[in-house]
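Listed below, chain by chain, are the residues.
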Amino acid sequence: MSRIGKKPVIIPANVTVDIAKDNVVTVKGPKGTLTYAFHPDMILKLDGNVLTVDRPDEEHLHKSLHGLTRTLINNMVEGVEKGYSKELEVNGVGFRCEKKGTQLVMRLGYSHEVIMDEIPGITVEVPTPNKIIVHGVDKQVVGQFAAEVRGKRPPEPYKGKGIKYSTEVIRRKVGKTGGKK
């Protein structure tokens, strides 16, 4: 039995969960609304403020989906209640970023500015020229957008220049040395 799949999802008072036909789950909260269609074989039961996920049998596919379904529902509930955020740091001489309207404009050592538009469901904050914060209710969308921003200039191991997550540790390498001839 899946250890994670067995855990119930506790739904806070300010969040509502609706389970429609074919396991289409809609979660509404103070931060927004999320809807997701889960596999129709999964058994979703809502009793008051507790949602449980069961599987019909011990088939390999159902075992795989059991914990995944519970985790995705829990992430939806947490997202509409508290929201998710990813913090990125921009390191390097002359590397900086700013927000112009709904666009994130970054100077990353290229001959041009790198411009990214906010996508629906997320907001981008630039509190200082070397810090970017991505906020949203959908954990997957926030993580994907943050990864795309980081992908514009990943950190390099010699000087540590580039865009990195604030919690990320860059393994540094020793550069060339002027050896003897």
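One can find the structure itself at the top, above this paragraph.
Participant: Would you mind going over the environment of V27 with me for this structure?
Facilitator: When you line up the elements, V27 lands in strand β3 (residues 24–29). Given a relative accessible area of 0%, V27 falls into the buried group. In this structure the C-alpha to C-alpha distance between V27 and E78, which are 51 residues apart in sequence, comes to 9.9 Å. Those residues in contact with V27, other than ones at most four positions away along the chain, are V15, T16, V17, G32, T33, L34, M76, V77 and V80.

Participant: Is there a simple way to explain the layout of surface pockets in this structure?
Facilitator: Unoccupied space between atoms shows up once a probe the size of one water molecule is rolled over them. Approximately 210 Å³ is the volume attributed to the largest pocket. Lining the largest pocket, in full, are L34, T35, Y36, F38, L72, N75, M76, Y84, V137, D138, K139 and Q140. Put simply, the parts of the chain that give the lining of the largest pocket at least two residues each are β4 (32–37), α2 (60–81) and α3 (139–151). Residue composition of the lining of the largest pocket, by class: 7 nonpolar, 3 polar and 2 charged.

Participant: Looking at this structure, how should I read the sheet that holds strand β12 (residues 131–136)?
Facilitator: Two strands in a sheet stick together by hydrogen bonds in their backbones, pointing the same way (parallel) or opposite ways (antiparallel). Taken in spatial order, the 4 strands line up as β11-β12-β7-β13 in an open sheet, and their pairing is antiparallel. A single partner strand is all that each edge strand has here, and the edge strands are β11 (122–125) and β13 (162–165). Neighbour to neighbour, the strand axes of the sheet diverge by 25° on average, direction disregarded. Bridge count for strand β7 (residues 84–91) against β12 is 6 bridges, and the pairing is antiparallel.

Participant: What's the story with the pairing of strand β5 (residues 43–47) in this structure? I'm lost.
Facilitator: Taken residue by residue, a regular strand's side chains alternate between the two faces of the sheet. Relative to strand β6 (residues 50–54), β5 runs antiparallel, the two being bridged by 5 bridges. Bridging across to β6, K45 finds its partner in T52.

The rules behind these values
- Residues numbered from 1 in each chain as written.
- Predicted model: local features only at pLDDT ≥ 70, side-chain atom pairs only at ≥ 80, totals over all residues.
- Heavy atoms only, no water.
- Helix = DSSP H or I, 4+ residues; strand = E, 2+ residues; numbered from the N terminus.
- Buried < 20%, exposed > 50% of the residue type's maximum accessible area, 1.4 Å probe, protein only.
- Contact = heavy atoms within 4.5 Å.
- 1 Å grid on protein atoms, 1.4 Å probe; cavity = no way out; pocket = protein on both sides within 12 Å on 5 of 7 lines; lining within 4 Å.
- Points joined across faces, edges and corners; volume = space filled by probe spheres on them.
- Nonpolar A, V, L, I, M, F, W, Y, C, P; charged D, E, K, R; others polar.
- Pairing = 2+ DSSP bridges.
- Axes fitted to C-alpha atoms, helices over the stretch in contact; angles between N-to-C directions.

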